[in-house]
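# Fold and geometry: a report
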Amino acid sequence: MTEISNNQVRLTGLSVSRTQPILLVDCDSLTVEGRPADLHVCGESPEWEHGWRNVIFASGCSREALLQAFSDVLLGWADDRRQEGRERPLLQRSAGKWVFGDEQKRIVQDRVCFDLQTPPRESGRILWVYANPYIDLLAGPYGLEILDSICRESGFVTKLTNPFTEFLDPMRGLQELVDRFQPQMIGISFRNMDDALIIHSLDGDPESVDTLEMFPEVRRVAEALRGFRGPVFIGGAAFGMSPEQFLDALQLEYGIYGAADPAISQLCEAWTSDVLGADPGDHGKFRELWSQLPSALWREGGAVRRNDAARTRVLTQTPRIKRTWAFSYKNVRDYLPEPVRGAQGCPLACSYCVESVNRMRMSFRSVEQVVDEIEFSLRRYGIRVFHIADSEANVPMDRLTGLAKEIVRRNLHHEILWTAYLNARPFEAAAIPLLVESGLYRFKFAFDHFDDRVLQSYHKNFREKDLEAILDAFEPYIGHIQLYAGILLGGPGEDESTLAYAMQRMKEHAKRGFTFYYNVGVRIYPGTPFGKQFLENPDASGYYGPGKSDGGLSALIYSAPEAPRVLAARLEERFQDTPRVFRMNKEKTTGIGYEAYRQYLVAWNAWLDGRWQEAYATLDGIEQLEQLREGVALQRLLRMKLRQTVPTNLLGGGSR
């Protein structure tokens, strides 16, 4: 007999050993909370189940019900509280066998690889919150995925969420998730301050800007977690610009600036069961531990204290990164690039860039480890397009060529494509054939300008002659690869003569077949050289946006010789007959609107989680849905909806 009640499992005459990824306990009789049952699957909640996670208790249940329970566990749907809108069965019968669809197999492989290899060993419980409402250019939480892998390997029970793409009411959904998951601590990723797009429309107040700010939404996340009594800490690229200022603005107690890997690794190594006692509001031991971490900030005696940031080191992250399925599956279907990290930091010191805050602090992974992750992601997830997520992948150049050589050596260049951000110096034209052979299909350069005076103001380490050499070297490859050159017009140092010269050169090179994307004005971020320049003379002309009154926490733009919207209209007219010159602008949310596109993403997440009816109902509430062009992912979802029947498997691969 097995009795499951409140916070314990009572077994009679049975010794249970956790030696298998999934454990089936065959009971003479089964009672759950005082009621007879034939099946109980232990999932992530309530809290007592963690020691029994991935265990199925069964007593006289049917073969179909048992198979269904196994599929629940393998797909990560082991929560016994059935969610409204989730239909069954998840398996389908084919040639007398119960099978998963092709994409379901990917999910199962993911679970087996990361969650089911060994019995759970709970060191601590952490919820990662990806506080990124920037959805126009959808990107997965790669930094958090790395930190999550560190915690998982140390025995932590983890969960990762982006409330903006998972819940129609993001803050309520986040609070309910905290109540369900019951974490001991919560980590927030503050990655983007804004969408970096200054003018979305040529219509509007000439003195205003259209930049979509992220900080107010991050503040809402912090406020929604105010009732959580355990430690809440924050980090991310945006947070690291001005960490003390953001910590105060968000009213949080703990933060990490710069690279978070060393701090989280040390936190996991030093974690003991008594770091947080019976009272989750008692942070005494946790604060003592936190104060010893590299790059840590914390409040003490009414002030914010900080430790030194981690210095140059070799990155040793595992190549077995657990990808966030809602993003990765979508990218696999639409052939969009997934990030892979090769290095952190940047030795350059561009005046506008947040990486200048961490200048000269480079940390590298070995080329072999980078390609290990590429190969793992290819085999495990079916990912075939990658983005090397370094500030400048060719600094130094031999790392870029070394990566290409290793990809070719492993014969992966026939299976993958990849792209990277590249700097004009050092770039070796002789390496282009090797890079193209290895699958580097999109070369993304930040040219920024063509006038040496502006390049000097931007503190670039190259001049126009270097750009000319690059374009000459790539001209024979036009039509075989993509070369994207980004241009920043209207930044500090711009005047009528420099602007006219840049426009002339862009038009001339576009006639040769090259493509340019330009932004109007330059976003001034806290902590950067341009940010410090603003603080020294905040009343100077050329600054626009609400950030003028709060030191750049809100959108602060520099634009010359005219206001951003006026300059954008002028440039639009100037380039109207130049098809290969584009203004950076909103992409996916144009026409449908931000909120409608966000609702589509909520539907997408619900569909991936098996809650089809909820996904369809959410789609029904999007009036402008027909204006959205979202590739294979949306088309698949709409086809399922139009059938008015629930699919027999989750994601496809079966009969139609």
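Here we come to the pattern of salt bridges. Under the counting rule described, the total for this entry stands at 35 salt bridges. Residue Arg220 is joined to Glu217 by a salt bridge in which the shortest nitrogen-to-oxygen separation is 2.8 Å. You can see Arg220 and its partner Glu217 sitting in helix 6 (residues 215-224), three residues apart, about one turn around the helix. With a relative accessible area of 33%, Arg220 lands in the partly exposed category. Take Glu217: its relative accessible area is 22%, and that puts it in the partly exposed class.

What follows deals with the packing of helix 5 (residues 170-181) against helix 6. One way to put it is that helix 5 packs onto helix 6 with a least axis distance of 10 Å and a crossing angle of 35°. The way helix 5 lies across helix 6 gives a crossing that is right-handed. Facing helix 5, whose interface residues are Met171, Leu174 and Gln175, helix 6 presents Arg220, Val221 and Ala224. When grouped by side-chain class, the residues that make up the contact of helix 5 with helix 6 number four nonpolar, one polar and one charged.

Time to look at helix 3 (residues 142-153). With twelve residues, helix 3 should cover 16 Å at 1.5 Å per step; its first-to-last C-alpha distance of 17 Å lies within 8% of that length. Of all twelve residues making up helix 3, nine are buried, and the element is well covered by its neighbours. Every buried residue of helix 3 is listed here: Tyr142, Leu144, Glu145, Ile146, Leu147, Asp148, Ser149, Ile150 and Cys151. Elements that come into contact with the buried residues of helix 3 comprise strand 10 (125-130), strand 11 (157-161), strand 12 (185-189), helix 8 (261-270), strand 17 (338-340) and helix 11 (367-381). A positive backbone phi angle near 95° is found at Gly155, which sits one or two residues after helix 3.

Inspection of every chain in the model, using the stated rule, returns 25 aromatic pairs. When the centroid spacing of 5.8 Å and the interplanar angle of 65° are considered together, the rings of Tyr254 and Trp290 count as edge-to-face. Highlighted residues: Tyr254 in strand 14 (residues 254-256) and Trp290 in helix 9 (residues 284-290), separated in sequence by 36 residues. Taken individually, Tyr254 and Trp290 each receive the classification buried, so the pair is uniform in this respect. Between the NZ or CZ atom of Lys444 and the centre of the ring of Tyr421, over which it lies, the distance is 4.6 Å.

Before going further, it helps to examine the sheet that holds strand 13 (residues 232-235). Strand order in the open sheet formed by seven strands is 11-10-12-13-14-15-16, and the pairing between neighbours is mixed. Of all the strands in the sheet, just strand 11 and strand 16 (303-306) have a single pairing partner and so form its edges. Adjacent strand axes in the sheet meet at a mean angle of 20°, parallel and antiparallel pairs treated alike. Sheet topology places strand 15 (residues 296-300) next to strand 16; four bridges connect them, and they run antiparallel. If you follow Arg299 over to strand 16, its bridge partner there is Val304. Helix 5 contacts strand 10, strand 11 and strand 12 of the sheet and is inclined by roughly 165° relative to strand 10.

Another aspect to go through is the nonpolar core. Core analysis: the biggest nonpolar cluster contains 103 residues, and Trp418, Phe447, Phe474 and Tyr600 have the highest contact counts within it. Setting aside chain neighbours within four positions, we find Phe447 in contact with Leu455, Phe462, Leu467, Ile470, Leu471, Ala485, Gly486, Ile487 and Phe516. Counting residues in each nonpolar core, the second largest holds 37 residues, with Phe167, Ala222, Val232 and Leu553 among its members.

What the seven strands build is an open sheet, ordered 17-20-21-22-23-24-28; its pairing is parallel. The two strands at the open ends of the sheet, each matched to only one other strand, are strand 17 and strand 28 (581-583). Between one strand axis and the next, the sheet turns by 25° as a mean value, whatever way the strands run. The pairing of strand 22 (residues 440-448) with strand 23 (residues 482-489) spans six bridges and is parallel. What sits directly across from Phe443, in strand 23, is Leu483.

Cut-off values and rules
- Residues numbered from 1 in each chain as written.
- Predicted model: local features only at pLDDT ≥ 70, side-chain atom pairs only at ≥ 80, totals over all residues.
- Heavy atoms only, no water.
- Salt bridge = Lys/Arg side-chain N within 4 Å of Asp/Glu carboxyl O.
- Helix = DSSP H or I, 4+ residues; strand = E, 2+ residues; numbered from the N terminus.
- Buried < 20%, exposed > 50% of the residue type's maximum accessible area, 1.4 Å probe, protein only.
- Axes fitted to C-alpha atoms, helices over the stretch in contact; angles between N-to-C directions.
- Left-handed = near helix turned anticlockwise from the far one by under 90°.
- Contact = heavy atoms within 4.5 Å.
- Nonpolar A, V, L, I, M, F, W, Y, C, P; charged D, E, K, R; others polar.
- Expected span 1.5 Å × (residues − 1).
- Phe/Tyr/Trp six-rings, centres within 6.5 Å; stacked < 30°, edge-to-face > 60°.
- Lys NZ or Arg CZ within 6 Å of the ring centre and 35° of its normal.
- Pairing = 2+ DSSP bridges.
- Core = buried A, V, L, I, M, F, W, Y, C linked by side-chain atoms within 4.5 Å.

That is the geometry; function is a separate question.
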